[in-house]
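Overview (structure and organization)
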Amino acid sequence: MFVLTVDQRGSRRDVDRVGDIIDDMADLRFLRPFERTAGDEIQAVTDDPALLVLVALELIRREHWSVGIGIGPVEQPLPRQTRAGRGPAFEAARIAVERAKRAPARIAVEQAPADSSRDELAADVDAAFTLLGTIVTRQTKDGREAIALMDSGLTQVSAAAQLGITKQAMSKRLLTAGWHAELAGRRLAERLLVRLQP
């Protein structure tokens, strides 16, 4: 199981952004959706590696969040409210978000400590997210806009037309944004997460 514990950065000097995230991600297929746990912190639970990668990168793109991912078992059955959840994955997510607050890419992954034989694999997942986070934090607004259109299923030609630029300019934006590296990193992170699931 994967638990996301996400904390708003610099919230004392900023508006409360928690409601926007909860609303924007309400339609995603979490086992338990994002819910405010305390102050400017939110939590969600999923067992879907692809969804986890998608959401983690979207949060980093928004530039206001420290993202902690905890991997491991949770107490079953899951309670109706996300914030009432318990278990090793929740504890690992708490450790991860505290580490993410100091991490350059604003993301960290922790595995529940029950299985030390999987520590190396958990470190690989953390490294994959660090690399992805580094790519995403360096993307410009134009690059992110181009990637969002590609992620929506458009071809480069259609995306370029929508942006009012040439296909060559679209290719350059995607290259500068590291889109191909991001795609490869997403697939790597997903495969590693599948292997790490309890």
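Residues numbered from 1 in each chain as written. Predicted model: local features only at pLDDT ≥ 70, side-chain atom pairs only at ≥ 80, totals over all residues. Heavy atoms only, no water.

What follows deals with the overall build of the protein. The secondary structure content of the protein amounts to eight helices and five strands. Counting from the amino terminus, helix and strand elements in the protein follow one another as β-α-β-β-α-β-α-β-α-α-α-α-α. Since a compact globule built from 198 residues should have a radius of gyration of about 16 Å, the 17 Å found for the protein is in line with a globular shape. Per-residue burial for the protein yields a buried fraction of 45% across its 198 residues. A separation of at least 24 residues holds for 67% of the contacts in the protein among residues at least 6 apart in sequence. The positive charge centre, built from 28 side chains, and the negative charge centre, built from 28, are 4 Å apart in the protein. (Helix = DSSP H or I, 4+ residues; strand = E, 2+ residues; numbered from the N terminus. Rg over C-alpha atoms; globule rule 2.2 N^0.38 Å. Buried < 20%, exposed > 50% of the residue type's maximum accessible area, 1.4 Å probe, protein only. Contact = heavy atoms within 4.5 Å. Lys, Arg positive; Asp, Glu negative; His and termini not counted. Charge placed at Lys NZ, Arg CZ, Asp CG, Glu CD.)

In this fold, Gln8 is placed in strand 1 (residues 2-8). Overall, the relative accessible area of 3% leaves Gln8 in the buried class. Other than its neighbours up to four places away in sequence, Gln8 contacts Asp14, Val15, Asp16, Arg17, Val18, Asp40, His64 and Trp65.

Two elements in contact, helix 5 (residues 141-151) and helix 8 (residues 179-196), have axes whose closest approach is 11 Å; the angle formed by their N-to-C orientations is 50°. On the basis of their axis angle, the class for helix 5 and helix 8 is oblique. Remark: the crossing between helix 5 and helix 8 carries right-handed chirality. From helix 5, Ile147, Met150 and Asp151 reach across to helix 8, where they touch Trp179, Glu182 and Arg186. Each residue belonging to the contact of helix 5 with helix 8 can be placed in one class, and the counts come to three nonpolar, no polar and three charged. (Axes fitted to C-alpha atoms, helices over the stretch in contact; angles between N-to-C directions. Parallel < 35°, antiparallel > 145°, perpendicular 65-115°, else oblique. Left-handed = near helix turned anticlockwise from the far one by under 90°. Nonpolar A, V, L, I, M, F, W, Y, C, P; charged D, E, K, R; others polar.)

Our focus in this paragraph is the packing of helix 4 (residues 119-137) against helix 8. At a minimum axis distance of 9 Å, the contact between helix 4 and helix 8 shows a crossing angle of 155°. With respect to each other, helix 4 and helix 8 are oriented roughly antiparallel. For helix 4 against helix 8, the interelement crossing comes out left-handed. Note on element contacts: helix 8 touches helix 4 through Ala181, Glu182, Gly185, Arg186, Leu188, Ala189, Leu192, Leu193, Arg195 and Leu196, opposite Leu121, Ala122, Asp124, Val125, Ala128, Phe129, Leu132, Ile135 and Val136. Residues belonging to the contact of helix 4 with helix 8 are distributed by class as follows: 14 nonpolar, one polar and four charged.

Take the pattern of salt bridges next. Throughout the structure, instances matching the rule amount to 14 salt bridges. Asp7 is paired through a salt bridge with Lys101; the nearest N and O atoms lie 3.5 Å apart. On the criterion of sequence distance, the pair formed by Asp7 in strand 1 and Lys101 in the loop between helix 3 (88-100) and strand 5 (107-111) is long-range, its members being 94 residues apart. Residue classification places Lys101 among the partly exposed residues on the basis of a relative accessible area of 33%. A salt bridge links Glu98 to Lys101, with the nearest nitrogen and oxygen atoms 3.0 Å apart. A relative accessible area of 32% places Glu98 in the partly exposed class. A single salt-bridge network, built from bridges that share partners, covers Arg61, Asp151, Glu182 and Arg186. (Salt bridge = Lys/Arg side-chain N within 4 Å of Asp/Glu carboxyl O.)

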